[in-house]
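Structural overview
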Amino acid sequence: MAVRHINPEGLHRSPAFSQAVVVEQPTKTIYIGGQNGVDNEGKVVGPTVGEQSLQAFRNLATILESEGATLSNIVHWRIATVAGQSFDEGVAAFQQVWNRADPPPAITVHVVDALGPGILVEIDAVAVV
């Protein structure tokens, strides 16, 4: 797989994210729709961003595993969180599921007014296998 995580000179460098991820050649790419903090019955798992984020990451992992991939194959996360919620809880959930030995993906975060009843976070992703 020809994937490069890039952090060009002149841009901020962070251990938490890559500025961009380049896919050099045609390969299997998985575009995952927004995942919320809901269980397999569609019920919200808890009232906090941390609980819901952890479940959303688990849902992403389940999707990837069904295609022979893991969270390490993700090259981009897009995270939407409801205004007024603790972003730190979502970061803590990410740190629980992400292997720090893997290059971090590019990440985009949006703060929104609302997502759905009881939903505080939604995460979609692109993975390259």
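One can find the structure itself at the top, above this paragraph.
Residues numbered from 1 in each chain as written. Predicted model: local features only at pLDDT ≥ 70, side-chain atom pairs only at ≥ 80, totals over all residues. Heavy atoms only, no water.

1. Observations regarding the layout of surface pockets
What counts, and what does not: Two kinds of site are reported from a 1 Å grid over the protein atoms alone, namely cavities, where a 1.4 Å probe fits but cannot get out, and pockets, open sets with protein on both sides within 12 Å along at least five of seven lines, and residues are called lining when an atom falls within 4 Å of a point. Grid points are joined across faces, edges and corners, and a volume is the space filled by probe spheres set on the points. In this description a helix means any DSSP run of H or I spanning at least four residues, a strand means any run of E spanning at least two, and both kinds are numbered starting from the N terminus. Three residue categories are used. Nonpolar comprises Ala, Val, Leu, Ile, Met, Phe, Trp, Tyr, Cys and Pro, charged comprises Asp, Glu, Lys and Arg, and polar comprises the others, including Gly.
Each pocket or cavity is described by its volume, and for the largest pocket that value is around 470 Å³. Around the largest pocket, the lining is made up of 22 residues, and of these A16, V91, F94, Q95 and I107 lie nearest the centre. Looking at the lining of the largest pocket, the elements that each hand over two or more residues are α1 (49-66), β4 (74-82), α2 (87-97), β5 (106-112) and β6 (121-128). By residue number, the principal contributor to the lining of the largest pocket is α2, which donates 5 residues. Of the residues contributing to the lining of the largest pocket, the split by class is 15 nonpolar, 5 polar and 2 charged.

2. Topic: α2
Applied cut-off: Relative accessibility decides the category of a residue: with a 1.4 Å probe and only protein chains considered, values under 20% of the type maximum give buried, values over 50% give exposed, and everything between is partly exposed. The arc in question is the one spanned by the directions pointing from the helix axis to the C-beta atoms. Contacts are residue-level and defined by heavy atoms, with any inter-residue pair within 4.5 Å sufficient.
Turning to α2, its buried residues number three or more, namely G90, A93 and F94. One face of α2 carries all of its buried residues, which in axial projection span an arc of 100 degrees. In α2, the exposed positions that point more than 90 degrees away from the buried face belong to D88 and Q96. Tucked into the core, α2 has its buried residues touching α1, β4 and β5.

3. Comments concerning the pattern of salt bridges
Convention followed: Whenever a carboxyl oxygen of Asp or Glu lies within 4 Å of a side-chain nitrogen of Lys or Arg, that contact is scored as a salt bridge.
For the structure on display, the rule yields 4 salt bridges. Between E41 and K43 there is a salt bridge whose closest N-O contact spans 3.4 Å. The exposure class of E41 is exposed, given its relative accessible area of 59%. Across the pair D124 and R78 runs a salt bridge, and its minimum N-O distance is 3.3 Å. Placement of D124 in strand β6 and of R78 in strand β4 is noted, with a sequence separation of 46 residues between them. Given a relative accessible area of 16%, D124 falls into the buried group.

4. Focus on the side chain of N59
Note the threshold: N or O atoms closer than or at 3.5 Å make up a polar contact, with two conditions inside protein: a donor-capable atom paired with an acceptor-capable one, and, for residues adjacent in sequence, both atoms drawn from side chains.
In this fold, N59 is placed in helix α1. Judged by relative accessible area, N59 falls into the buried class, the value being 14%. Separated by 3.1 Å, the side chain of N59 and the backbone oxygen of V38 make a polar contact. N59 has contacts with Q35, N36 and V38, leaving out every residue within four places of it along the chain.

5. What about the sheet that holds strand β3 (residues 29-36)?
To keep it simple, the criterion reads: Two strands qualify as a pair provided DSSP detects at least 2 bridges between them. Think of each axis as a best-fit line through the C-alpha atoms, taken over the contacting stretch in the case of a helix, with angles from 0 to 180 degrees between the N-to-C directions.
With mixed pairing, 4 strands are arranged side by side in an open sheet as β3-β6-β4-β5. This sheet does not close on itself; its edge strands, each paired only once, are β3 and β5. For this sheet, the mean angle separating the axes of adjacent strands, direction not counted, is 10 degrees.

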